[in-house]
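Given next are the chains, with one letter for each unit.
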Amino acid sequence: MDYASASAAAERKAKKTQHAKGKKTARERIASLLDEDSFVEFGRFHGGDVTQGFLGAAVITGFGEIDGRKVALYVQDFSIQGGTLGKVEGVKICSLLDKAMAMRIPVISILDSGGARIQEGVQGLSEYGRIFRRSCKASGMIPQISLILGPSAGGAVYSPALTDFVIMTRENSHMFVTGPDVVRAVTGEDVSSADLGGAELHNVQSGVAHYLGEDEEDAFGYVRSLLTYLPSHCDEMPPSYTYKPSAADEKAAAAVKDLVPDNSRQPYNMVDVVESLVDHGEFVQVQEHFAPSIIIGFACINGESVGIVADQPMHNAGTLDVDSSEKAARFVRCCDAFGLPVVTLVDVPGYRPGADQEQAGIIRRGAKLIFAYANATVPLVTITLRKAYGGAYIVMGSKSIGADFAYAWPDAEIAVMGADGAVSILNRREIKAAGPAPAAMAAKAKELAEEYAAQNINPNLSVATGELDGIISPEGTRQAIAESLEVLRTKDRTHSGLKRHNNGPL
Ligand code: HXC
């Protein structure tokens, strides 16, 4: 059999096995993701023997273009030995990662695999080790995006886990360290693949995934969207475009106040606020379903890519918790690695109180967000819309931990704590003296709380101490952000080089 007819036969076989499972073949996926006819493969027949009709390895490697930008791509081919990874697959993937780092271009991987090839013994495991090492070396240098379009099982899950973005599809996409059969054998627990490692679980609960694609096309669309905001490598400026002032954007920005209720306890959807402040209302959320009390994602302001971090009062009043802290921390670090300014919109009542949060490590995990902001070298612009209390005020990109510009809306409540809590500590004796009748004590507490609120719960102290650069009107918010970013465009980002690396909480 010659190479051409063997290739055609292999694709026919691949279509049969993959289509039966509702999945595309590896080559169909490449064609769907990349610009037309842009794929250049290398090592196509590596590991094969055409005389036996066996064409090559269970992974396809090469380069292509997405919207005219070069990317490196490896795609596991489930129709060959379940897409498993042995020596040849490891060599091919490592070679691709080395080339991508040398060329300084993003790497996209499409995973659909049974993991390490059992027949090859520990060789397959070692190949994963080599891939992990390269992925870690590439981290922060070039964007790495993983699409899980089939199983990703065993320790092999760590290869996507080490990348910047993990995208799953609603059907057919599974990630687990130990599959249902192993779980059943070891613990006796009967659990489905979906409950153990389905796309919904990893997007909503575990936070492993960054996007829940409805299908493969949707997942590819998200990859294309992400790349419109990310540079090809850490020393390149993020993509930008020539922004033409738009009447629709001006109208949306002028009406932003209407989206935010005056009563600071009343919820609203912060996504609407973000959309009204960014170019053409386009906001690409990351981890939309996970830790929803904070929202993160990419947008443009006057044509420049930015990362947005914002409290979401619609979920748990926008309180910070273990998951939302980690979600925002990783995102801030991602933006910092790839040179995207971070715009933070604050409306936070504080940390979520309770034993469950303390037990889950809010001290250790919450510290990650401080670490991310404090170490960021990209421009940081922070706006407090309605309230910022206590530690959460400081942690959410405040000036004291590194914001270059920080502003607040005129009625913003900024204080150590709410009025009721404050008077119960400061005026305990006074309130008691108003008793013993509970109604009298309550009336005294109310009066003192009102006094405290009038004097202390406002942005004035922060303005006076320089912790805020000014009070801005809601309708002037977009302009204030845009002007700040323009000023900060040439911010010096060189490192001191005084230490090997930091030792932040992980
Ligand atoms: C060798 C494997 C394999 C493996 C699948 N196959 N996994 N061959 N090593 N790890 C083969 C199957 O024998 C089959 O071959 C073909 O691939 C397709 O697999 P099926 O089982 O028929 O497909 P499906 O029913 O869709 O199930 C897919 C699957 C299941 C869920 C992935 O195969 C599975 O559970 N595999 C084992 C997953 C796993 O535990 N992997 C961990 C490996 S250890 P034929 O010839 O019949 O077509 C690991 C550690 C990495 O990965 C460590 C890094 C630190």
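Given the structure is predicted, the values throughout are model-derived calculations rather than measurements.

A. Highlighting the overall build of the protein chain. The helix and strand inventory of the protein chain stands at 20 helices and 16 strands. The C-alpha atoms of the protein chain give 26 Å as radius of gyration, which agrees with the globular expectation for 506 residues (23 Å, within 12%). Relative to its 506 residues, the protein chain shows a buried fraction of 51%. A separation threshold of at least 6 residues defines the contact pool for the protein chain, and within that pool the share at least 24 residues apart is 72%. Of the roughly 22800 Å² of accessible surface on the protein chain, 55% is carried by carbon and sulfur atoms.

B. Fine view of a nonpolar patch on the surface. A cluster of nonpolar side chains, contributed by Val416, Met417, Ile425 and Leu426, occupies part of the molecular surface with about 400 Å² of accessible area. Along the polypeptide, Leu426 turns up in helix α16 (residues 419–426). The exposed category is assigned to Leu426, whose relative accessible area is 62%.

C. Representation of the side chain of Asp249 within the structure. Position of Asp249 relative to the elements: it lies in helix α10 (residues 247–254). Nearest to the buried, unbridged Asp249 among oppositely charged side chains is Arg478, at 4.3 Å. Reaching out from Asp249, the side chain makes a polar contact with the side chain of Tyr243 at a distance of 2.6 Å. Asp249 has contacts with Tyr243, Ser276, Val278, Asp279, His280, Gly281 and Arg478, leaving out every residue within four places of it along the chain.

D. Looking closely at the pairing of strand β12 (residues 342–348). Here β12 lies mainly inside the structure; seven of its seven residues are buried. Because side chains alternate across β12, one face comprises the buried residues Val342, Thr344, Val346 and Val348, and the other comprises Val343, Leu345 and Asp347, equally buried. Pairing analysis gives four bridges linking strand β11 (residues 304–311) to β12, with the strands arranged parallel. Looking across to β12, one finds that Ala310 is bridged to Leu345. As for the winding sense of the linkage, the β-α-β connection from β11 through helix α12 (residues 322–337) to β12 is right-handed. In this sheet, strand β13 (residues 380–389) lies alongside β12 in parallel orientation, the contact comprising six bridges. Within β13, the residue paired with Leu345 across the bridge is Ile383.

E. Layout of the site of the ligand. Around the ligand there are 19 residues in total, and Lys21, Gly114, Ala116, Ile118 and Gln119 lie nearest to it. Within the side chain of Lys21, one N or O atom sits 3.0 Å away from an oxygen atom of the ligand. Coverage of the ligand by the protein chains reaches 51% of its 1000 Å² of free accessible surface. Broken down by secondary-structure element, the contributors of at least two residues to the shell around the ligand are α4 (122–138) and β5 (144–153). Of all the elements, α4 adds the most residues to the shell around the ligand, at three residues. Of the residues in the shell around the ligand, the class split is nine nonpolar, eight polar and two charged.

F. Molecular detail of the pattern of salt bridges. Tallied over the full model, the rule gives 31 salt bridges. Across the pair Asp190 and Arg184 runs a salt bridge whose closest N-O atoms are separated by 2.9 Å. Using a relative accessible area of 64% as the deciding quantity, one classes Asp190 as exposed. The partner of Lys444 in a salt bridge is Glu447, with the nearest N and O atoms 3.6 Å apart. Highlighted residues: Lys444 and Glu447, both in helix α18 (residues 438–456), separated by three residues, approximately one helical turn. On the basis of relative accessibility, which here comes to 39%, the residue Glu447 falls in the partly exposed class. One connected set of salt bridges, linked through shared partners, spans Lys23, Arg29, Asp112 and Glu216.

G. Structural view of helix α9 (residues 216–229). Its 14 residues give α9 an end-to-end C-alpha distance of 21 Å, which sits within 8% of 20 Å, the value for a rise of 1.5 Å per residue. Of the residues making up α9, those classed as buried are Glu216, Ala219, Phe220, Tyr222, Val223, Leu226, Leu227 and Tyr229. Of the residues that open α9, the one with a side-chain oxygen 3.2 Å from the backbone nitrogen of Glu217 is Asp215.

H. Examining unusual backbone geometry more closely. Cis geometry marks the peptide bond from Gly435 to Pro436; its omega dihedral reads 10°. Looking at the secondary structure, you find Pro436 in the loop between α17 (428–433) and α18. Phi at Asp67 takes a positive value of approximately 50°, unusual for a residue other than glycine. Position of Asp67 among the secondary structure elements: in the loop between β2 (59–66) and β3 (69–76). For Asn316, which is not glycine, the phi dihedral falls at a positive 45°. You can see Asn316 is positioned in the loop between β11 and α12.

About the criteria used
Residues numbered from 1 in each chain as written. Predicted model: local features only at pLDDT ≥ 70, side-chain atom pairs only at ≥ 80, totals over all residues. Heavy atoms only, no water. Helix = DSSP H or I, 4+ residues; strand = E, 2+ residues; numbered from the N terminus. Rg over C-alpha atoms; globule rule 2.2 N^0.38 Å. Buried < 20%, exposed > 50% of the residue type's maximum accessible area, 1.4 Å probe, protein only. Contact = heavy atoms within 4.5 Å. Areas by Shrake-Rupley, 256 points an atom, 1.4 Å probe, with all protein chains shown as cover. Patch = residues over 30% accessible without salt bridge, like charges linked within 9 Å, V, L, I, M, F, W, Y side chains within 5 Å. Salt bridge = Lys/Arg side-chain N within 4 Å of Asp/Glu carboxyl O. Lys, Arg positive; Asp, Glu negative; His and termini not counted. Polar contact = N/O pair within 3.5 Å; in protein donor to acceptor, adjacent residues only side chain to side chain. Pairing = 2+ DSSP bridges. Right-handed = clockwise from strand over helix to strand, strands pointing away. Near = heavy atom within 4 Å. Nonpolar A, V, L, I, M, F, W, Y, C, P; charged D, E, K, R; others polar. Expected span 1.5 Å × (residues − 1).

Read these as geometric descriptors, not functional statements.
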